[in-house]
Amino acid sequence: MATIDLAMTKIDLMSPPQSGLFWPQVTEARRFFLGLPRPGKSGLVVGGGFELVKSDYVVKRRGFAFLAMELVVGGYGSATLNGRTFDLSPGTFFSYSPQIEHELRTDPRRPLVKYFVDIVGGKRAQSLLRSAKLSSDHARHTSRVPELIRLFEELLNHGSSQTAQCRRSEEHT
């Protein structure tokens, strides 16, 4: 399968993991990156995507530049968030904030299939998580997978659109 990146900047989004934004251990991907907002902005989507990961997929980070939210729609694995390990399976929704040390690992026999969105953190983004009864070091199981998939697909469509409306909404949010 081919890897497809819907990048909207000149940044090489498939560079080695030290870039930290997009991990290269995938067999299929649809992704977007809107660029970094002006300083002082928070609660803005900067990127996201859909990934079918390779059987050797492992992500280890001491932190991350953004608040990330992920939804597992297929496969199995684990997420260790601030030292606590959670099983990942279809319907698992989890998040991690910039200060959260995390490790994501797939089951090599049943690789993860997941959506994700990256948001510039701050009080606004943390408030969003709290209102959804999520913390950035915990995983939950949801029965609302079809609704969440539609939302993630909308994000992908909007984020990969290079229309003036997409750029304008990102700049003024």
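Residues numbered from 1 in each chain as written. Predicted model: local features only at pLDDT ≥ 70, side-chain atom pairs only at ≥ 80, totals over all residues. Heavy atoms only, no water.

## What about the sheet that holds strand β5 (residues 77-81)?
Phase 1 of the analysis: Taking strand neighbours across the sheet as the criterion, the four strands line up as β3-β8-β5-β6 in an open arrangement whose pairing is antiparallel. Here the strands that pair on one side only, and so sit at the sheet edges, are β3 (58-61) and β6 (84-88). Neighbour-to-neighbour, the strand axes of the sheet open up by a mean angle of 10 degrees, direction not taken into account.
Phase 2 of the analysis: Relative to β6, β5 runs antiparallel, the two being bridged by five bridges. Residue pairing in the sheet places Gly77 in a bridge with Leu88 of β6. (Pairing = 2+ DSSP bridges. Helix = DSSP H or I, 4+ residues; strand = E, 2+ residues; numbered from the N terminus. Axes fitted to C-alpha atoms, helices over the stretch in contact; angles between N-to-C directions.)

## Some thoughts on the sheet that holds strand β1 (residues 26-33)
Phase 1 of the analysis: Across the sheet, which stays open at both edges, the six strands sit in the order β1-β2-β9-β4-β7-β10 with antiparallel pairing between neighbours. The outermost strands of the open sheet, each flanked by one partner alone, are β1 and β10 (139-141). In this sheet, neighbouring strand axes are inclined to one another by 15 degrees on average, regardless of whether the strands run parallel or antiparallel.
Phase 2 of the analysis: Direction of pairing for strand β4 (residues 67-74) relative to strand β7 (residues 92-96): antiparallel, over a ladder of four bridges. Bridge pairing in β7 links Glu70 to Phe94.

## Quick word on the pairing of β3
Phase 1 of the analysis: Side-chain alternation along β3 places Val59 and Arg61 on a buried face and Val58 and Lys60 on a face that remains uncovered.
Phase 2 of the analysis: Bridge count between β3 and strand β8 (residues 102-106): four bridges; the pairing is antiparallel. Looking at the pairing, Val58 lines up with Arg105 of β8. (Buried < 20%, exposed > 50% of the residue type's maximum accessible area, 1.4 Å probe, protein only.)

## Some thoughts on the pairing of β4
Phase 1 of the analysis: Counting buried residues along β4, seven of its eight residues qualify, which places the element largely inside the surrounding structure.
Phase 2 of the analysis: Sheet topology places β4 next to strand β9 (residues 113-119); seven bridges connect them, and they run antiparallel. Its bridge partner lying in β9, Ala68 is registered against Asp118.

## Side note on the environment of Pro24
Phase 1 of the analysis: Locating Pro24 in the fold gives a position in the segment before β1.
Phase 2 of the analysis: Remark: the alpha-carbon pair of Pro24 and Tyr57, spanning 33 residues in sequence, is separated by 8.8 Å.

## Some points on the nonpolar core
Phase 1 of the analysis: Counting 22 residues, the largest nonpolar core has Ala79, Leu81, Leu88, Phe94, Tyr96 and Leu104 as the members making the most contacts within it.
Phase 2 of the analysis: Elements with a minimum of two residues in this core: β1, β2 (45-53), β4, β5, β6 and β7.
Phase 3 of the analysis: For this core, the element with the most residues is β1, which contributes three residues.
Phase 4 of the analysis: Counting residues in hydrophobic clusters, the runner-up holds 15 residues, among them Phe32, Leu71, Phe93 and Leu148. (Core = buried A, V, L, I, M, F, W, Y, C linked by side-chain atoms within 4.5 Å.)

## Some words on the pattern of salt bridges
Phase 1 of the analysis: Evaluation of the coordinates by the stated rule reveals nine salt bridges.
Phase 2 of the analysis: In this structure, a network of salt bridges that share partners links the residues Arg31, Glu51, Glu70 and Lys114. (Salt bridge = Lys/Arg side-chain N within 4 Å of Asp/Glu carboxyl O.)

## Thoughts on the environment of Phe66
Phase 1 of the analysis: Mapped onto the secondary structure, Phe66 falls in the loop between β3 and β4.
Phase 2 of the analysis: Residues Phe66 and Pro98, spaced 32 residues apart in sequence, show a C-alpha to C-alpha distance of 5.4 Å.

## As for the packing of aromatic side chains
Phase 1 of the analysis: The full count for this structure, using the stated rule, is five aromatic pairs.
Phase 2 of the analysis: Centre to centre, the rings of Phe64 and Phe66 are 5.7 Å apart; their planes meet at 80 degrees, and the pair counts as edge-to-face. Neither Phe64 nor Phe66 differs from the other in exposure class; each is buried.
Phase 3 of the analysis: Judged by centre distance (5.4 Å) and plane angle (25 degrees), the ring pair of Tyr115 and Phe152 falls under stacked. Highlighted residues: Tyr115 in strand β9 and Phe152 in helix α2 (residues 145-160), separated in sequence by 37 residues.
Phase 4 of the analysis: The class of Phe152 is buried, set by a relative accessible area of 7%.
Phase 5 of the analysis: Cluster of aromatic residues (ring-pair linked, three or more members): Phe64, Phe66, Phe94 and Tyr96.
Phase 6 of the analysis: Over the aromatic face of Tyr76 sits the side chain of Arg110, whose NZ or CZ is 4.2 Å from the ring centroid. (Phe/Tyr/Trp six-rings, centres within 6.5 Å; stacked < 30°, edge-to-face > 60°. Lys NZ or Arg CZ within 6 Å of the ring centre and 35° of its normal.)

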